[in-house]
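These are the residues of each chain, in order.
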Amino acid sequence: MRELSLHIMDIIENSISAKATLICLEIIEDKNNDILKIIVKDNGCGIDEQDIERVKDPFVTSRKTRKVGLGIPLFEAACLRCEGRLNIKSKKGKGTEIEALMKYSHIDRAPLGRIEDTIVSILLYPQLDIEYRHVVNDKEFIFDSREIKKVIGEDLTLPNILQWIKEYIKEGIEEIGGGVY
Amino acid sequence: MKTIKELEEIRKKTLDVVNQRKDRTTTRIVVGMATCGIAAGARPVLLAIMDEVSKLGLSDVIVAQTGCIGLCRLEPIVEVIKPGEEKVTYIKMTPEKARRIVKEHVVEGKVVDEYVMHVVDGKVLNDYSVQND
C-alpha cells in the first residue's frame, strides 16, 4: 500500500468485522527520537490467545471467501522494512490493540498520507465511533466523533457533514505540522 | 479555522434531508473495502462517490462499504442497488468512472454498460470489450 493511512484503514476494517463500536487511533510523530508510532485500539470481540501470533501469518484469516488474509502481514512488512515492528495485544471479549513502530526518517517508510480520508470513510459506518489523537513532538490534535454527535445527533453519514469533518481534521493536522510525510 | 458553530448551521440545513431519507426508498451504493479493495484504490473511489452525491444534492442515496466479495482481481468494485431493480456490479473502478456512474446510473437510471461485470457461461469476464469484439 502506498500510504500508511491505507494500512490503518485496513486494520480498522478488521475491528469492524470484530463488531467494535469504538476505535481509538493514535499517531505519534516523535521526531526527536526518530520514531513513528501508530496505535489502533478497538473494543471488538478480540483474538483468541493461541491465535495472536498466528494472525501475522498470511494464511490465517477468519474470513470465508478464501484462505488468505493479508491485512496484518502487509502492515507488519511495512514496519519491518523500516527497522520497526508490529505488536498485537488482545483480550477475548475486550478488544484488540495493534501498535506499529517505525523509524521516522527511514527511507523506506511510507508517507502517512490522507488520514482524514481514512477517518471519513470509517465514519460511513453509523454504529462506529472514533477517537483520534495525533501528536507531533509536543503538539497535539484530537478529534472525537462522539463530540460531533453531541452537536448534530447520531447521523454523521450525510455527505456535507462528512465533508466538513474531513476539512476539520485536515486543518487540525496541518496546524500541528503533522501528516503527509 | 473550522468551528462547531458552522457544523450546527449545516445540521439545520440538512435536517430536512435526514427526514426525507428515512421515509423514502433509497438507492444503495456499496464499495468493497477489504485489503484487496483498499490496495487497488477503493478509498478515492468511495470519496469521489460521496463527493458526487453531495454535489448533485442527492438525498435518497446511501453510500456504504462492504468487505471482500471474492473477486480481488477486479477491484475496486462498486455495487449499485436500486429499489425494485437487480443489483449492478461495476468493476475496476476509478474516481472518474465512479462519478459517471452516480450521474448516469443513479440519477438518470442508465446503467453504464462498459464498466459492468459480465458473467458469460458461469465465468466472470475481466474485460467486457474482448467479449464484444
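Anything mentioned here points back to the structure above.
Scoring rules and cut-offs
- Residues numbered from 1 in each chain as written.
- Chains lettered and ligands numbered in written order.
- Predicted model: local features only at pLDDT ≥ 70, side-chain atom pairs only at ≥ 80, totals over all residues.
- Heavy atoms only, no water.
- Helix = DSSP H or I, 4+ residues; strand = E, 2+ residues; numbered from the N terminus.
- Expected span 1.5 Å × (residues − 1).
- Buried < 20%, exposed > 50% of the residue type's maximum accessible area, 1.4 Å probe, protein only.
- Phe/Tyr/Trp six-rings, centres within 6.5 Å; stacked < 30°, edge-to-face > 60°.
- Lys NZ or Arg CZ within 6 Å of the ring centre and 35° of its normal.

Participant: Any chance you could explain helix 1 (residues 4–17) of chain A here in plain terms?
Facilitator: Given 3.6 residues to a turn, an α-helix orients residues that are three or four positions apart in the same direction. All names here are of chain A. Its 14 residues give helix 1 an end-to-end C-alpha distance of 20 Å, which sits within 8% of 20 Å, the value for a rise of 1.5 Å per residue. Within helix 1, 12 of the 14 residues are buried, leaving the element largely enclosed by the surrounding structure. Taken together, the buried positions of helix 1 are occupied by Leu-4, Ser-5, Leu-6, His-7, Ile-8, Met-9, Asp-10, Ile-11, Ile-12, Glu-13, Ser-15 and Ile-16. In the stretch just after helix 1, Lys-19 is the one whose phi turns positive, near 60°.

Participant: For this particular structure, what's the right way to read the packing of aromatic side chains?
Facilitator: Each aromatic ring pair is specified by the distance between its two centres and by the angle formed by the two planes. Residues and elements named next belong to chain A. Throughout the structure, instances matching the rule amount to 4 aromatic pairs over all chains. Seen from their ring centres, Tyr-132 and Phe-141 are 6.1 Å apart, and the 75° between their planes marks the pair as edge-to-face. Exposure class is identical for Tyr-132 and Phe-141. Each is buried. Their ring planes at 55° and their centres at 5.9 Å tell us that Phe-141 and Tyr-168 sit as a pair that is tilted. Highlighted residues: Phe-141 in strand 6 (residues 139–144) and Tyr-168 in helix 5 (residues 159–175), separated in sequence by 27 residues. Residue classification places Phe-141 among the buried residues on the basis of a relative accessible area of 8%. Cluster of aromatic residues (ring-pair linked, three or more members): Tyr-132, Phe-141, Phe-143, Trp-164 and Tyr-168. The ring of Tyr-104 carries Arg-109 above its face, with NZ or CZ at 4.5 Å from the centroid.

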